[in-house]
Amino acid sequence: MDYPGEKLLLKMWESLADKGIGGLLAPWQEKRMAEARAEIRRKEMLLVAQAEKEVESIKSGSAKLHINSDIILIQDSDHTTDDQRRIEPKLDLSELATSVVNSDLSESIRKEANVAKSIMVAEDILSRDQQEASDKPIEDDWLYSWRDYAGRVSSSELQDLWGRILAGEVKQPGSYSMRTLEFLKGLSKAEAELISKAARFVIGERIYRKKEKFLEKEGLFFSQLLFLQDIGVLSGVEAVGLSTTYKSRDATKFFLPLIASNRIMLVEHEEQAKTLKAEVYLLTQVGIEVLKLASFQVDEEYFEAVAKDYAKKGFKVRIADFVQQTADGGQYFNAREVQSDENA
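Remember, it's a predicted structure, so these values are computed and weren't measured experimentally.

(A) View of the pattern of salt bridges. Applying the stated rule across the entire model yields 15 salt bridges. Its salt-bridge partner being Glu301, residue Lys217 comes within 2.9 Å of it at the nearest N-O pair. Separated by 84 residues along the polypeptide, Lys217 in helix H9 (residues 212-217) and Glu301 in helix H12 (residues 300-312) bring together distant segments of the chain. Its relative accessible area of 57% is what places Lys217 among the exposed residues.

(B) Representation of the side chain of Thr180. Position of Thr180 among the secondary structure elements: in helix H7 (residues 178-185). On the accessibility criterion, Thr180 (0% relative accessible area) is buried. What Thr180 contacts, discounting residues up to four positions off in sequence, is Val286, Glu289 and Val290.

(C) The arrangement of the pairing of strand E7 (residues 254-260) in detail. Judged by which residues are buried, E7 turns out to be one-sided: Phe254, Leu256, Leu258 and Ala260 face inward and are buried, whereas Phe255, Pro257 and Ile259, on the alternate face, are not. Direction of pairing for E7 relative to strand E8 (residues 263-269): antiparallel, over a ladder of 7 bridges. When the sheet's bridge partners are listed, Phe255 is paired in E8 with Glu268. Hairpin connection from E7 to E8: 2 residues lie between these consecutive antiparallel strands, with Ser261 at a positive phi of about 60°.

(D) Structural context of the nonpolar core. Of all hydrophobic cores here, the largest spans 75 residues; its most connected members are Met265 and Tyr310. The element best represented in this core is H12, accounting for 7 residues. Setting aside residues up to four positions removed in sequence, Met265 forms contacts with Ile203, Leu256, Pro257, Leu258, Phe303, Val306, Ala307, Tyr310, Val317, Arg318 and Ile319.

(E) Quick look at the sheet that holds E8. Read from one edge to the other, the open sheet built from 4 strands follows the order E7-E8-E10-E11, with strand pairing classed as antiparallel. The sheet is open, and its two edges are formed by E7 and strand E11 (330-338), each paired on a single side. Neighbour-to-neighbour, the strand axes of the sheet open up by a mean angle of 25°, direction not taken into account. Sheet topology note: the strand E10 (residues 316-324)/E11 ladder contains 7 bridges and is antiparallel. Across the sheet, the residue bridging to Val323 is Gln331, located in E11. Against the sheet, H12 touches E7, E8, E10 and E11, its axis set at about 5° to E8.

Cut-offs applied
- Residues numbered from 1 in each chain as written.
- Predicted model: local features only at pLDDT ≥ 70, side-chain atom pairs only at ≥ 80, totals over all residues.
- Heavy atoms only, no water.
- Salt bridge = Lys/Arg side-chain N within 4 Å of Asp/Glu carboxyl O.
- Helix = DSSP H or I, 4+ residues; strand = E, 2+ residues; numbered from the N terminus.
- Buried < 20%, exposed > 50% of the residue type's maximum accessible area, 1.4 Å probe, protein only.
- Contact = heavy atoms within 4.5 Å.
- Pairing = 2+ DSSP bridges.
- Core = buried A, V, L, I, M, F, W, Y, C linked by side-chain atoms within 4.5 Å.
- Axes fitted to C-alpha atoms, helices over the stretch in contact; angles between N-to-C directions.

Shown next as structure tokens:
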């Protein structure tokens, strides 16, 4: 292999090419494995920049498509004939057609350029990923919906978001449901920032109650948690939390790993039948999928406070750094045991 993510990149381009998506970048795909990726990327960016320049030229009127009964051609708008300058109130179907085609063309090129930029983001992510490509195909309807949504956004932040969505779906098809795509399509910048703030307090797909001092210190108040429930990210807020019961994932002893982005909490007890209860706000399925896109680190004080609560209940608790390696697992290191304040 030339680089870690080659299989993932091949899967992405096979999926896109099969559906005619990413046509602006298609001329370079046959050469991707033969040329250096940096050179390919340079050519792609030049192509996208050229496409965006053409869109602006068509919008401003400095260039346009001209239609007559025999031919369609691009024409400099400064070169007009006397007939074209006439202003009599006469319906000119060729001029109307030209206007419609120019509008449709500029919009189509704009969408293709936006999709191409999101694809390049996904390509960068996958090229550095060492995960094996899944044999499961990406659903056709999902790809078409992704293309439509990615084509609408022109800001670099949103293009980055849709690129990360595509990369995640290539690695593990089914990671982002159609409902989540629909949710993200209408997400505002303020809502995205609030979700990112809440993400720092998620441990094992839950936000723990009775830890308000940590949340409020970072500007996350009850009213905002209620809003996150209203938009479909959290549940149980209006009931002032839910009670959740954890059971062991080990057949010989109680063992429960709780992942919090870059950290993991390992809760253990010698009694296998032991259960662990906690009062929490639960992430919805949309919330779980959306948080996969967030780049964040767990709030360390909050994380350790939750660990100490479990230690007080008689569990052995270790916390460690964590790296996700596959869709279902990863590796932890630098583990240390947490003592309750009573035993410290």
